[in-house]
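An overview of the molecular structure
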Amino acid sequence: MRKSIYFRIFIATALIVLISLSLLGGLFIALSYRSARDENRSMKFSTLRETTTYIAEQSSHHGAQLSDLNISTWLSMTSGVTGFGLLVTDIDGNIVACSENMPDFLGRSTSDCLLDFADSGVNELIFSDMGGLYESDKQVAAVPLLTNGGSQTLGYLFVVSDMNAFRQQWFSFSGGLAVIALGVMVLAFVVSFIAAKKQTEPLNEMANATLRFARGEFEERVQDRGREDEIGQLTRAFNAMAESLENSEMHKRDLIANLSHELKTPMTVIAGFAEGILDGTIPRQDEPKYLGVISSETRRMSRLVRSMLEISTLESSAPSTVFESSFDVAEVVRIALLSLGGKIEKKNLDVRADLPNDELMANGDKDAITQVVYNLIDNAIKFSVDNGILSLCVWQQDFLVHISVTNTGETIPEEDLPHIFNRFHKVDKSRSSDREGAGIGLYLVKQILDNHNVDINVTSKNGVTRVTFSLKMS
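As a starting point, this report considers the structure included with it. (Residues numbered from 1 in each chain as written. Predicted model: local features only at pLDDT ≥ 70, side-chain atom pairs only at ≥ 80, totals over all residues. Heavy atoms only, no water.)

**Observations regarding the overall build of the protein chain**
Cut-off, in case you're wondering: Only runs of H or I of at least four residues qualify as helices and only runs of E of at least two qualify as strands under DSSP, and these elements are numbered from the N terminus. Three labels apply to residues, based on accessible area from a 1.4 Å probe with only protein chains included: buried if under 20% of the type maximum, exposed if over 50%, partly exposed otherwise in between. Two residues form a contact once any of their heavy atoms are found within 4.5 Å. For the area figures, the Shrake-Rupley method with a 1.4 Å probe applies, and any residue is considered shielded solely by the protein chains shown.
Scanning the protein chain from N- to C-terminus turns up 10 helices and 12 strands. Here the protein chain, with 474 residues, has 37% of them falling under the buried criterion. Pairs at least 24 apart in sequence give 65% of the contacts found in the protein chain among residues at least 6 apart. A total of about 27200 Å² of accessible surface is found on the protein chain, and carbon and sulfur atoms cover 55% of it.

**Quick look at the sheet that holds strand S5 (residues 153-161)**
The cut-off we apply is this: At least two bridges found by DSSP between two strands is the condition for calling them paired. An axis is simply a line fitted to the C-alpha atoms; with a helix, the fit covers only the stretch in contact. Between two such axes, the angle follows the N-to-C directions and lies from 0 to 180 degrees.
Across the sheet, which stays open at both edges, the five strands sit in the order S2-S1-S5-S4-S3 with antiparallel pairing between neighbours. At either end of the open sheet lies a strand with only one pairing partner, and these are strand S2 (95-98) and strand S3 (126-128). Geometrically, the sheet is characterised by an average inter-axis angle of 35° between neighbouring strands, direction not taken into account. Pairing geometry for strand S4 (residues 138-146) and S5, over eight bridges, is antiparallel. Residue Leu145 lies in a different strand from S5, and its bridge partner there is Gly155. Across the sheet, helix H3 (residues 112-119) touches strand S1 (85-89), S3, S4 and S5, and the angle it forms with S4 is around 65°.

**Focus on the sheet that holds strand S11 (residues 456-461)**
Taken in spatial order, the five strands of this open sheet run S7-S9-S10-S12-S11, and their pairing is mixed. This sheet does not close on itself; its edge strands, each paired only once, are strand S7 (350-354) and S11. Strand-to-strand, the axes of this sheet are offset by a mean angle of 10°, without reference to chain direction. Where S11 lies against strand S12 (residues 464-472), six bridges are found, and the strand directions are antiparallel. Bridge assignment links Lys461 to a residue of S12, and that residue is Val464. Most of the contacts of helix H7 (residues 329-339) go to strand S9 (residues 389-397), to which it runs at about 170°, and overall it touches S7, S9, strand S10 (400-408) and S12.

**Regarding the side chain of Thr468**
Note that Thr468 resides in strand S12. On the basis of relative accessible area, Thr468 is assigned to the buried category, the value being 17%.

**Some remarks on the packing of aromatic side chains**
Counted only if it meets this: Put simply, two rings from Phe, Tyr or Trp (the six-membered ring, in Trp's case) pair if the centres are within 6.5 Å, and we call them stacked under 30 degrees between planes, edge-to-face over 60, tilted for the rest.
The full count for this structure, using the stated rule, is two aromatic pairs. Ring centres of Tyr54 and Trp74 lie 4.2 Å apart, and the angle between their planes is 10°; on these two criteria the pair is classed as stacked. Residue Tyr54 is located in helix H1 (residues 5-62), and its partner Trp74 is located in helix H2 (residues 69-82); the two are separated by 20 residues in the primary sequence. Ring centres of Phe273 and Tyr290 lie 4.7 Å apart, and the angle between their planes is 55°; on these two criteria the pair is classed as tilted. Of the two residues, Phe273 sits in helix H5 (residues 230-278) while Tyr290 sits in helix H6 (residues 287-316), which places them 17 residues apart along the sequence.

Right, here's the structure in full:
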């Protein structure tokens with residue numbers, strides 16, 4: 001059988017149950033046997049004491065002989081209660097009375113060594129065949145029978161028990177316990193097998209799902225059975241990972257498709273104009289013009305590739321490293337604004353900047369946030385109407401530094417607002433004729449702010465679009 005994890009769990013559980021029950025059962029049987037044996041021993045000596053007391057009283061008060069009927073009756077009654085065989089002998093060892101379970105022993109004699117054992121008065125048990133009375137050794141206890149004064153020995157009392165019968169009775173009892181223990185073990189094995197199988201089912205599903213992931217089938221999921229233990233947590237974590245992998249695969253496919261689309265246009269333009277120049281289709285006097293177009297498209301492709309490298313760097317960077325420095329937010333906004341002065345003048349925009357005169361320090365990567373502010377202002381300029389308004393505002397509130405960029409232009413449709421930070425997303429498809437951008441400026445903004453654990457908010461109403469984000473104060 002293939003050694004799967006659930007098989008190993010089952011074997012381990014089964015061995016634990018088997019060993020535990022074996023040890024506990026063996027200990028219980030040993031202690032119980034010892035207790036029963038001690039109780040049997042105690043009962044023998046108790047029978048000796050009670051019987052000798054009775055015979056002494058009968059002899060002293062009623063002049064009874066050892067062979068009298070009342071003594072034999074007592075012996076039979078006591079034997080019926082205890083299960084022992086009782087024998088009474090005279091001082092010479094001749095049996096004169098016995099319990100009814102040994103009637104053939106009357107008149108027979110015991111060995112002298114048994115009489116010596118009885119006279120010793122030691123509280124001990126011996127194994128003997130009673131001088132040939134039994135075919136095998138029995139456990140024997142014996143005492144002398146004395147008068148009330150103890151001055152004269154009347155005879156001897158022997159209590160005999162068959163230890164083989166005792167052992168067989170005990171073995172029968174132990175066999176019942178063994179059957180019960182075996183049933184418990186079988187039940188424990190079945191339960192442990194089912195439990196181990198249930199525990200490992202999600203792991204098998206994960207293994208199968210992982211194999212499908214290797215084939216590119218990222219839609220596979222592990223069934224969540226609502227468990228709250230470690231297996232349930234692993235299942236939910238696995239499904240979250242699968243969801244992330246599927247989204248990454250979708251983004252990768254979208255990126256390749258969009259990138260191919262974005263590169264196709266400049267490559268077609270470059271190839272077409274280059275062939276036109278080479279085959280003479282384009283007049284010689286127009287060659288500088290079209291060479292300029294080829295140069296412009298080449299630079300756009302270079303910007304696109306550079307932007308994709310920036311995205312790759314951002315997606316692989318550790319978010320925790322961005323909080324190791326601090327910078328003046330107002331200074332960053334001023335630098336970005338001055339860098340875009342030419343574009344602002346080209347559209348004749350009315351710039352309204354509300355920036356603090358004092359330093360306003362925030363935690364973060366200065367270069368990255370400068371890129372964010374630059375991209376936001378550049379995007380606002382691009383989509384502003386000529387002679388429109390461009391507003392920049394930086395302020396402090398609740399231990400946060402807030403930055404907002406506002407422009408006047410076309411209203412962004414509400415259904416497009418959640419997607420404007422996607423790669424190559426265009427709200428107005430007619431803007432695809434714009435040759436300056438690579439189509440991923442806002443996506444870069446979102447990636448940088450995600451690395452800073454910062455949210456960005458966009459509103460667009462009545463031709464006024466406002467983008468706001470916040471940084472933690474230093």
